[in-house]
Amino acid sequence: MSDSQTDTLKPLKTWSHLSKQRKRPSEYEVVSTNLHFHTNNPDKPFEVGRDAKMNDWYIKYRNNSPLKHQGWDAFRDPEQLIYRTYNILQEGQEAYVTGLLDQFSERGNDQMISKQWAQELNRLYAPTRYLYHALQMGASYLHQMSPASTISNLATYQAGDHLRWLTHTAYRTCELAKTWDGIGLGENERNHWENDAAWQGFRELAEKALITWDWAEATIVFDVILKPAVSAAVQKQLGLAGAENADTLLSLLNDAQLRDAERHQRQTKALIDFALTNTDNAPIIQAWVDKWQPLADKAINAYCAALTDLPDAAEEARAYAAAVRQSFGLK
Amino acid sequence: MYQIPRAEWYDLTRATNWTPSYVSEEELFPEEMSGARGIPMAVWETYDEPYKVTYPEYVEIQRQKDAGAYSVKAALERDAYVDRADPGWISTMMAHYGAIAVNEYAASVAEARMARFSKAPGNRNMAVFGTLDENRHGQIQLFFPHANVKRNRQWDWAHKAMHTNEWAAIAARAFFDDIMLCRDAIAVSIMLTFSFETGFTNMQFLGLAADASEAGDHTFASLISSVQTDEARHAQQGGPSLKILIANGHKEEAQKMVDISIWRAWKLFSVLTGPIMDYYTPLEHRSQSFKEFMVEWIITQFERQLVDLGLDAPWYWEDLTKDLDTTHHGMHLGVWYWRPTVWWNPAAGASPEDRQWLEEKYPGWNKTWGRCWDVITDNLNNDREDLTLPETLPYICNMSQLPIVGTPGDGWDVKDYTLEHNGRLYHFGSKADRWCFEQDPVRHQEHQSLIDRFLSGQIQPADLPGALAYMGLGPGEMGQDAHNYAWAAAFKKQAKVA
Ligand SMILES: [Fe+2]
Ligand SMILES: [Fe+2]
């Protein structure tokens, strides 16, 4: 053996896999990068026999995705979010929301709205817990299927955010029912979600998104198509309708959630930019957008048609969604 | 926290099942991923998680926990405990981080499996917190050892180990991939959270935390006990699944899942936690023996939980109880002898005082294991270190991926439990390992142990250096005796005095 081979390996300043990069790694990089050991062997992800069926799921829907990149592990979250900072961030955001809820409960927000608006909330707001839960399930899928830990982690915290939104809805549904007893709050949501024309577009898109198994296509469907449509129609336009109907709390609550949604959009933009460093990916992504966008427009139109106080709601919502797509460099 | 008491609105957060119509229920929840086992959606809606937490509570509590653990680390950083810690304790930390940190992160994938695919809405919500918890455990257990990479190349393995074909890494992946990454949502809730996390994480995180406090390693103690508070919460996801399976005629399958997971966990712990607790941790800091911890947390407490749920103790319970006296001693001897093949420096833990303690905790140790250590000690004291180092590889079990061990001495009882399946001969370290294979041969049949790979020519050159290269171990990473044989020299001194 030559001397160089027997030389003891020198200690490094960081993990060996990061030591080749010139920049000193951040805390984010130290704890987030290259953690999916099951991407190492593309033909057999897991340390079980090859015939164990889960191998096939990951080979088909992750490793053999049409979206290709030399090294997904090089992706970095522009927000550099880690667990520690996520909780600091969201504890603060929840303190703000708790303050809102307290203030508006003291001011008698729910007593000041009309019965008609309470009924609208029952139909157009309370069922969001199903929609937000579908987003939560979708993010949980992306977490387990993404080809790099830094991509999975986007979905980890996003799943938490969607559960946050669902929690706001559940709480408000309960609170509203205390003032507006007997109109079906806390009871009719599933029926509205399954049958009301306003929801069918979103339900169709959500159900189909949830069975999109290819990780990359699912990312596009959730983060480029469905979530911006939800933000545009349900968070933004419904919030505006709330303001029209003396329900300031709703519009402020939805604005608070939009801060999460906008963070998700910044992360999605970075992921798409990263994917597009392989130019072969551009037509693949655009084809997925073209395939799914009509369903989102249909969902927006159906939902916004129910917002009778806002005649321009659908148009504005579609424009918002289009602007988000444009910011991603997509048509 | 919000004003209205949680109990009034909590149920709404988990009233989230609906009847799909644009896709079918079978498409939305594929059996392969969901594992509903024919039990209707409405029954899964009765799933009631015993530990309830909501989003605003979660982020507040977890922010506080992190503040605690990270501030202990920051406050003690300058103290540089690592530089004065006993080398045996350093090995404990290295083995722990390498085997655990990245697998904790992988557990977030298993949690996400439940969060997406469980038909029980309460399970889906709790698993979102579980996903976040395991994200935390991966991150914090990478951040802490990363502070030490400047000290020694072995610390790199906190991140690197799971990416390699080092044998202990293969064994750890083989266990965790089987019970958590390659299972449907309901099986994950039973095999990972109920079976593994309820019993075994207590061993690793509370048992080891007790030793860490004794050893004065307050950073590590506060870290792992903080991790365990999360485990204690999300481990409770499996109980309600078990109740539903049992009430709906699936007791036998539920029992089987529990039995497989417990056995495989036990084997991994016999090579990881057993040597750590009974040999690496300096004698004066050992709070209890490995066997005592196992009896307390697994044999007694876990069995009680099984019975409470209407399950039985696993069929091999007597074998396991007996093996508590032997298996990990054999594993330890193997790890120490094959020390160049691990990423930490195994402490022999065989000084005169150590051996007295071992004999006390495990009567008969001197007559059995002690005899092997006598030979090793003599060789070392006669300048024949070469005779204490390996030239070949040991026989490895096709289930646990660990060496097949027995008890040395007069009753030398090593036994290879074989099975011929589809024309291939498989080797197992115990009846229960073979039984695990037989429950689902398709899942395991193609897998090749390190020895299978060696014999089939995948490891080149086909000798120990070739194997070390295959395992990713370079000089400065390969293990050596933690105390540079000082423990053996102690016998020489003893002899001189006499
Ligand atoms: Fe964990
Ligand atoms: Fe866990």
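Residues numbered from 1 in each chain as written. Chains lettered and ligands numbered in written order. Predicted model: local features only at pLDDT ≥ 70, side-chain atom pairs only at ≥ 80, totals over all residues. Heavy atoms only, no water.

In terms of helices and strands, chain A carries 14 helices and 0 strands. Along chain A, helices (α) and strands (β) appear in the sequence α-α-α-α-α-α-α-α-α-α-α-α-α-α when read from the amino end. In terms of overall dimensions, chain A has a C-alpha envelope of 85 × 40 × 40 Å along the principal axes. Going through the 331 residues of chain A one by one, you find that 63% of them count as buried. Counting only contacts in chain A whose residues sit at least 6 apart along the sequence, the fraction spanning at least 24 positions is 78%. Here chain A has roughly 12,200 Å² of accessible surface; of this, 50% comes from carbon and sulfur atoms. Between the centroid of the 35 positive side chains of chain A and the centroid of its 42 negative side chains there is a distance of 5 Å. (Helix = DSSP H or I, 4+ residues; strand = E, 2+ residues; numbered from the N terminus. Buried < 20%, exposed > 50% of the residue type's maximum accessible area, 1.4 Å probe, protein only. Contact = heavy atoms within 4.5 Å. Areas by Shrake-Rupley, 256 points an atom, 1.4 Å probe, with all protein chains shown as cover. Lys, Arg positive; Asp, Glu negative; His and termini not counted. Charge placed at Lys NZ, Arg CZ, Asp CG, Glu CD.)

Looking at the element boundaries, Arg-116 of chain B is found in helix 7 (residues 87-117). The side chain of Arg-116 of chain B sits in the buried core without any salt bridge; Glu-27 of chain B is the nearest counter-charge, 10 Å away. (Salt bridge = Lys/Arg side-chain N within 4 Å of Asp/Glu carboxyl O.)

In this model, chain B carries an average pLDDT of 94, and 100% of its residues clear a pLDDT of 70 or more. Across the assembled chains, the prediction reports ipTM 0.97 with pTM 0.97. (pLDDT = per-residue confidence, 0-100.)

Time to look at the coordination of the iron ion (ligand 2). Residues and elements named next belong to chain B. Those donors, Glu-134 (OE), Glu-197 (OE), Glu-231 (OE), Glu-231 (OE) and His-234 (NE2), are the protein atoms that reach the iron ion (ligand 2), and they lie 1.9 to 2.7 Å from it. Motif for the iron ion (ligand 2), donor spacing along one chain: E-x62-E-x33-E-x2-H. Here the iron ion (ligand 2) and the iron ion (ligand 1) are spaced 3.1 Å apart, with Glu-134 acting as a shared donor. Placement of Glu-134 in helix 8 (residues 121-146) and of His-234 in helix 12 (residues 218-234) is noted, with a sequence separation of 100 residues between them. (Donors = N, O, S within 2.8 Å, 3.2 Å for Na, K, Ca; no water.)

A few words now on the coordination of the iron ion (ligand 1). Protein ligation of the iron ion (ligand 1) involves Glu-104 of chain B (OE), Glu-134 of chain B (OE), His-137 of chain B (ND1) and Glu-231 of chain B (OE), the donor distances falling in the range 1.8 to 2.2 Å. For the iron ion (ligand 1), the 4 donor atoms are set out with angles of 88 to 137° between them, so the coordination reads as irregular. (Tetrahedral: all angles 85-135°; square planar, octahedral: opposite > 155°, others 65-115°.)

With that settled, the discussion passes to the interface of chain B and chain A. The accessible area lost on association of the parts is a frequent measure of interface size. Opposite the 89 residues of chain B that make contact, chain A presents 91 residues. Around 8,100 Å² of area is buried between chain B and chain A when both sides are counted, 64% of it from carbon and sulfur atoms. Ranking the residues of chain B by area buried against chain A places Trp-18, Tyr-22 and Tyr-55 of chain B at the top, with a combined share of 11%. Viewed at the interface, chain A and chain B are joined by 5 salt bridges. We note a salt bridge from Arg-453 of chain B to Glu-47 of chain A, for which the minimum N-O separation is 2.9 Å. For the pair chain B and chain A, the number of links is 55 residue pairs in polar contact (both at pLDDT 80 or more). For the side of chain B that touches chain A, the element with the highest residue contribution is helix 8 of chain B, accounting for 14 residues. Broken down by class, the residue content of the side of chain B that touches chain A amounts to 42 nonpolar, 22 polar and 25 charged. (Buried area = accessible area lost by both parts, 1.4 Å probe. Polar contact = N/O pair within 3.5 Å; in protein donor to acceptor, adjacent residues only side chain to side chain. Nonpolar A, V, L, I, M, F, W, Y, C, P; charged D, E, K, R; others polar.)

A separate point is the nonpolar core. Residues Trp-57 and Phe-202 of chain A together with Leu-320 and Trp-487 of chain B are the most contacted members of the largest nonpolar core, which totals 281 residues. The element best represented in this core is helix 7 of chain B, accounting for 18 residues. Here Leu-320 of chain B is in contact with Ile-262, Trp-263, Trp-266, Met-294 and Ile-299 of chain B, once residues within four sequence places are set aside. (Core = buried A, V, L, I, M, F, W, Y, C linked by side-chain atoms within 4.5 Å.)

A separate point is the environment of Asp-413 of chain B. Relative to the helices and strands, Asp-413 of chain B resides in the loop between helix 19 (369-381) and strand 1 (417-421). Taking the C-alpha atoms as reference, Asp-413 of chain B lies 35 Å from Ala-101 of chain B; in sequence the two are 312 residues apart.

This part is about the pairing of strand 1 of chain B. The sheet contact formed by strand 1 of chain B and strand 2 (residues 424-428) of chain B spans 5 bridges and is antiparallel. Its bridge partner being in strand 2 of chain B, Glu-420 of chain B is matched across the sheet by Leu-425 of chain B. (Pairing = 2+ DSSP bridges.)

Right, let's talk about the state of the cysteines for a bit. Residue and element names in this part refer to chain B. Applying the stated criterion to the full structure yields 0 disulfides over all chains. This cysteine, Cys-397, is not joined by any disulfide, and Cys-436 carries the nearest cysteine sulfur, 8.8 Å off. Classification of Cys-397 as buried rests on a relative accessible area of 0%. On the basis of relative accessibility, which here comes to 2%, the residue Cys-436 falls in the buried class. (Disulfide = S-S within 2.5 Å.)

Across all of its chains, the model carries 53 salt bridges over all chains by this definition. Residue Glu-27 of chain A is joined to Arg-84 of chain A by a salt bridge in which the shortest nitrogen-to-oxygen separation is 2.8 Å. One end of the pair, Glu-27 of chain A, is in helix 2 (residues 27-32); the other, Arg-84 of chain A, is in helix 4 (residues 83-106), with 57 residues separating them in the sequence. Relative accessible area serves as the criterion here: at 23%, Glu-27 of chain A is assigned to the partly exposed category. The salt bridge partner of Asp-374 of chain B is Arg-355 of chain B, with a shortest N-O separation of 2.9 Å. Here Asp-374 of chain B, found in helix 19, pairs with Arg-355 of chain B, found in helix 18 (residues 352-361); they are 19 residues apart in sequence, far enough to count as distant. Judged by relative accessible area, Asp-374 of chain B falls into the partly exposed class, the value being 33%.

Residues and elements named next belong to chain B. Inspection of every chain in the model, using the stated rule, returns 10 cavities of 30 Å³ or more. Space inside the largest cavity adds up to approximately 140 Å³. Forming the boundary of the largest cavity are 17 residues, of which Ile-100, Glu-104, Phe-176, Phe-196 and Thr-201 lie nearest the centre. Of all the secondary structure elements, the ones that give two or more residues to the lining of the largest cavity are helix 7, helix 10 (167-181) and helix 11 (185-214). Of all the elements, helix 11 adds the most residues to the lining of the largest cavity, at 7 residues. A class-by-class count of the residues in the lining of the largest cavity yields 10 nonpolar, 3 polar and 4 charged. (1 Å grid on protein atoms, 1.4 Å probe; cavity = no way out; pocket = protein on both sides within 12 Å on 5 of 7 lines; lining within 4 Å. Points joined across faces, edges and corners; volume = space filled by probe spheres on them.)

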